[in-house]
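What the coordinates show
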Amino acid sequence: MLNTPHTNNSDPSTVADAASAAGAAGATPSIDALRQHFSFLSLPKDVQKEQLERFKGICALYGYEGFLRLQNAHVVVIGNGGVGSWIAESLCRTGVGTISLVDFDDIELSNSNRQLHTLSSTLGQSKAQTLGARLKDINPYLKLYTYSLMLSKDNVQDRLAQILCVPKEILQLSQEPDLRALPNPSALAALKLKQQDRDLYGQQADPSNESNSAAHWIAAQWAEQIDPHLYVAEAIDDLFAKASCIDLLHRARVPVVTSGGAGGRIDPSRVRLGDIAHAHGDQLIKRLRTELRRNYGYPKGPDDGTKGKSAASLAHGEDFKIMCSYSDEPPRMAKTHATNGFTPEQLGLNTLGELPSLPNFGASMSVTASAGLLLASVIIRWIVGDAKA
C-alpha cells in the first residue's frame, strides 16, 4: 500500500538561490551533511584520489561541486545505437555516477558506419551489454545497469517502472493531467536540483502555487516520490513507443531529451536543439509532434510543411516543453545519391553476385554522434546547475 505523499515543490528557483537563502539564514552544511549528500565523499580515500585524477578535467570545467553532482546523477539512455551510444559515452567520460542502458538489439555488421560499440570483435553481441562493458572500462567505479528490453506503446509503463526503479503505481499517479502546468526544461532541471538539496540545507517543500486543480496538485505530490537525480535520454526510432515513453516521462516531471532523425544527412553543423513544437526539417520529429497532438493532448499549432505555412511559422506554436535534437538539412535518399558517379556494373561489382540492398537513407557518424553529444551536453548542464539549455 502506497502512502500519500505530503510534500511538493513547484518553485523554479535554482540551487544557487537555495544555497544563498540557506547561507543567509546561517545554515552552512557540515562535513557530515556533505558526506551524506554526496555519495562520492563516502568512497574509500584511495578510490576518491583515483577518481579525482581520472576526472580532473571535469573538476576543472565544472568545479568540484559540479563533479560531485555528476557522480550523484543517474541517467537512463533508451536506445543505444547511432545516437544513444554516443550519449552514453559522453555521460560516462563526464563523470556521471550511474548509467542505465536500454536496448533489445544485437550488434550487426551494418552498424559499423555509426554505432560506437560496433567492432569486428563485437558482432552478434548485445548492444546494451557491450556498450556497458566499454563504459566500465572507461570508469570501473561506474554504477551500471543494462536492460535488453524492447519498449512498445503497450508495455512502456511497465518497462519504465522497472528501468527507473519506480513503483508502477507512483508512475501512474504522478501523471500531470494539465500539460500547461508543467515547467519548461530549464525550470524543471532547477526544480530537481532544489529537491536534491533539501536535506543539505534543511529546506521544506512549499505548497504548489501553479494551479488550483486538485488533480494537478496530487500528480505533483506523487512526482516528488521519484528520485530527483534521475534523467532520461530517449533515442529510439519506433514512433509509437517513442511518443508513449516521452509523454509518460514528461507528465511525471522526469527531465528527458529525445532524438530526431539523423539519417540521410552529411553536415553535422546543421544538427540543432529545440522544443519538439518548433523543430523543422526533421520527419521523425514531425511525425512525433503529430502523434503527441493527436493521441496525447499536446497543443495544436502549425506544422512543418503544412500548406501555406513556412518552417518559420513553427516558431509561433505553443511549446511542448520537451527538448529534442533535429537536423534542418534536407535528407539524401539512397535512390538518388547511390547512383552518382560510376555504377556497380561499371566498377565490376556485379561480378560479386547479388549486392547488399541499400537502406532508404544512409547515415554518417559525424551527424549521429553530433546529435548524441548535443543531447548529452543538455543533460550534463542540467545536472551541474547550468539550466540554460
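Residues numbered from 1 in each chain as written. Predicted model: local features only at pLDDT ≥ 70, side-chain atom pairs only at ≥ 80, totals over all residues. Heavy atoms only, no water.

In this section: unusual backbone geometry. One non-glycine residue, cysteine 165, lies in the positive phi region at around 60 degrees. Checked against the element boundaries, cysteine 165 lands in the loop between helix H7 (156-164) and helix H8 (168-173). With a phi angle near 65 degrees, lysine 321 is a residue other than glycine that sits in the positive phi range. (Helix = DSSP H or I, 4+ residues; strand = E, 2+ residues; numbered from the N terminus.)

This brings us to the packing of helix H3 (residues 45-54) against helix H4 (residues 56-72). Following both chains from N to C, one finds H3 and H4 inclined at 130 degrees, their axes separated by 10 Å at the closest point. The orientation of H3 relative to H4 falls into the category oblique. Contacts between H3 and H4 involve Gln51, Leu52, Glu53 and Arg54 from the first element and Lys56, Cys59, Tyr64, Phe67 and Gln71 from the second. Looking at side-chain class alone, the contact of H3 with H4 contains four nonpolar, two polar and three charged residues. (Axes fitted to C-alpha atoms, helices over the stretch in contact; angles between N-to-C directions. Parallel < 35°, antiparallel > 145°, perpendicular 65-115°, else oblique. Contact = heavy atoms within 4.5 Å. Nonpolar A, V, L, I, M, F, W, Y, C, P; charged D, E, K, R; others polar.)

Two quantities define a packed helix pair, namely the angle between the axes and the distance from one axis to the other. At a closest axis distance of 8 Å, the pairing of H4 and helix H15 (residues 365-384) adopts a crossing angle of 105 degrees. For the element pair H4 / H15, the angle class is roughly perpendicular. Where H4 approaches H15, its residues Tyr62, Gly66, Arg69 and Leu70 are matched on the opposing element by Ile380, Ile383 and Val384. Classifying every residue of the contact of H4 with H15 by side-chain character gives five nonpolar, one polar and one charged.

Moving on, we come to empty space enclosed by the protein. Taken as a whole and judged by the stated rule, the model has three cavities of 30 Å³ or more. What the second largest cavity holds in volume is close to 90 Å³. For the second largest cavity, the lining is made up of 13 residues, of which Pro185, Leu188, His250, Pro255 and Lys321 are closest to its centre. Per-class residue counts for the lining of the second largest cavity are nine nonpolar, two polar and two charged. (1 Å grid on protein atoms, 1.4 Å probe; cavity = no way out; pocket = protein on both sides within 12 Å on 5 of 7 lines; lining within 4 Å. Points joined across faces, edges and corners; volume = space filled by probe spheres on them.)

Strand order in the open sheet formed by seven strands is S3-S2-S1-S4-S5-S7-S6, and the pairing between neighbours is mixed. The sheet terminates laterally at strand S3 (143-147) and strand S6 (271-275), the two strands that pair on one side only. In this sheet, neighbouring strand axes are inclined to one another by 20 degrees on average, regardless of whether the strands run parallel or antiparallel. One ladder, built from five bridges, connects strand S1 (residues 74-78) with strand S4 (residues 230-234); its direction is parallel. Residue pairing in the sheet places valine 76 in a bridge with valine 232 of S4. (Pairing = 2+ DSSP bridges.)

Take the confidence of the model for the protein next. On average, residues of the protein score 89 in pLDDT, and 86% of them reach the 70 mark or higher. Low pLDDT, under 50, characterises residues 3-26; the predicted model gives this stretch 47 contacts beyond four residues in sequence or across chains. (pLDDT = per-residue confidence, 0-100.)

Turning to the layout of surface pockets, a few remarks are in order. In this structure, the largest pocket encloses a volume near 1200 Å³. Arg114, Ala235, Ile236, Asp237 and Leu284 are the residues nearest the centre of the largest pocket, which is lined by 41 residues in total. Among the elements that take part in the lining of the largest pocket, helix H13 (residues 283-296) stands out by supplying three residues, more than any other. Tallied by class, the residues present in the lining of the largest pocket amount to 15 nonpolar, 16 polar and 10 charged. Put simply, the second largest pocket is a space of about 350 Å³. Taken together, 17 residues form the lining of the second largest pocket, with His37, Ser39, Gln71, Asn72 and Lys143 sitting closest to its centre. For the lining of the second largest pocket, the elements supplying multiple residues, two or more each, are H4, helix H9 (185-196) and helix H10 (198-201). Looking at the lining of the second largest pocket, its residues break down into three nonpolar, 10 polar and four charged.

Mapped onto the secondary structure, lysine 242 falls in helix H12 (residues 239-251). Among the residues examined, lysine 242 registers a relative accessible area of 0% and is labelled buried. Looking at lysine 242, its side chain comes within polar contact range of the side chain of glutamate 234, at 3.0 Å. A distance of 3.4 Å separates a polar atom in the side chain of lysine 242 from a polar atom in the side chain of threonine 258. (Buried < 20%, exposed > 50% of the residue type's maximum accessible area, 1.4 Å probe, protein only. Polar contact = N/O pair within 3.5 Å; in protein donor to acceptor, adjacent residues only side chain to side chain.)

Here we take up the pattern of salt bridges. Pairing between side chains of opposite charge can happen when their charged atoms approach one another. Evaluation of the coordinates by the stated rule reveals 16 salt bridges. Between lysine 127 and aspartate 105 there is a salt bridge, with the nearest N and O atoms lying 3.7 Å from each other. With lysine 127 in helix H6 (residues 127-138) and aspartate 105 in the loop between strand S2 (98-102) and H6, this pair connects stretches of sequence that are 22 residues apart. Note on lysine 127: relative accessible area 6%, which makes it buried. Overall, aspartate 105 belongs to the partly exposed group, its relative accessible area being 26%. Through salt bridges with shared partners, one network takes in Glu65, Arg69 and Asp197. (Salt bridge = Lys/Arg side-chain N within 4 Å of Asp/Glu carboxyl O.)

A separate point is the packing of aromatic side chains. Evaluation of the coordinates by the stated rule reveals three aromatic pairs. A ring pair is formed by phenylalanine 55 and phenylalanine 67, whose centres lie 5.6 Å apart and whose planes are at 35 degrees; its orientation type is tilted. Taken together, the residues phenylalanine 55 in the loop between H3 and H4 and phenylalanine 67 in helix H4 connect sequence positions 12 residues apart. On the basis of relative accessibility, which here comes to 3%, the residue phenylalanine 55 falls in the buried class. In this structure phenylalanine 67 comes out as buried when scored by relative accessible area, which is 0%. Each ring, one from tyrosine 298 and one from phenylalanine 320, has its centre 5.1 Å from the other, and the planes form 45 degrees; the classification is tilted. Residue tyrosine 298 is located in the loop between H13 and strand S7 (323-327), and its partner phenylalanine 320 is located in the loop between H13 and S7; the two are separated by 22 residues in the primary sequence. (Phe/Tyr/Trp six-rings, centres within 6.5 Å; stacked < 30°, edge-to-face > 60°.)

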